[in-house]
Amino acid sequence: VQLVESGGGLVQTGGSLRLSCAASGDTICISAMSWYRQAPGKQRELVATIVDSGSTNYADSVKGRFTISRDNAKNTLYLEMNSLKLEDTALYYCNAHPFDWCHALDDWGQGTQVTVSS
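Draft legend 1. The arrangement of the pairing of strand β3 (residues 17-24) in detail. Where strand β1 (residues 2-6) meets β3, 5 bridges bridge the pair, whose relative direction is antiparallel. Note that in β3 the partner of Val4 across the bridge is Ala22. Judged from the 6 bridges that link them, β3 and strand β8 (residues 76-81) form a sheet pairing that is antiparallel. Looking at β8, one finds that Cys21 is bridged to Leu77.

Draft legend 2. Fine view of the packing of aromatic side chains. For the structure on display, the rule yields 2 aromatic pairs. Consider the rings of Phe99 and Trp101, whose centres lie 5.4 Å apart with planes at 10°: the pair is stacked. Across from the ring centre of Tyr93, 3.8 Å away, lies the NZ or CZ of Arg44, which sits over that ring. Looking at Arg44, its charged tip hangs above the ring of Trp108, at a distance of 4.6 Å from the centre.

Draft legend 3. Local environment of the sheet that holds β3. Taken in spatial order, the 4 strands line up as β1-β3-β8-β7 in an open sheet, and their pairing is antiparallel. Of all the strands in the sheet, just β1 and β7 (66-71) have a single pairing partner and so form its edges. Put simply, the sheet's adjacent strands are angled 15° from each other on average, direction ignored.

What counts, and at which threshold
- Sequence order as written defines residue numbering, which begins from 1 separately in each chain.
- Local features are withheld for residues below a pLDDT of 70 in this predicted model, meaning they are given only at 70 or higher, and side-chain atom pairs are given and counted only at 80 or more; totals for whole chains, interfaces and linings count all residues.
- Just so you know, side-chain values use all the structure's heavy atoms and leave hydrogens and water out.
- A pair of strands is labelled paired if DSSP reports no fewer than 2 bridges between them.
- Elements are defined by DSSP. Helices are runs of H or I of four residues or more, strands are runs of E of two residues or more, and each kind is numbered from the N terminus.
- In this analysis, rings of Phe, Tyr and Trp, with Trp reduced to its six-membered ring, are considered paired at centre separations within 6.5 Å, and the interplanar angle assigns stacked below 30 degrees, edge-to-face beyond 60, and tilted for intermediate values.
- A ring is scored as having a charge over it whenever the NZ atom of a lysine or the CZ atom of an arginine sits within 6 Å of its centre and within 35 degrees of its normal.
- Only the contacting stretch of a helix is used when fitting its axis, a line to C-alpha atoms as for every element, and angles between N-to-C directions run 0 to 180 degrees.

Below, the structure is given as structure tokens:
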């Protein structure tokens, strides 16, 4: 599966951004999709996950501010980010986790930069 993120940019604190991740290839293999982020000097962390049933899970740091969604018809993953904080600045990556029967590994996008300024 190939993943291409878009929608990152520079925004002031309190602002909003919407990230997109377009998937192509063996998308039928995709079970769960997630957004991760990595700030300079820090480890990559899980931001939010949505599974094929539509259930979602969020990191405590983004609960109530970020919303993950998935349009299966368009093979696109979204992350709506509101009330952005300085600490949300990071490179955001899209991840696709395959069903076990696909015998495949996780796929990653190249990342899209989100920078929040005061």
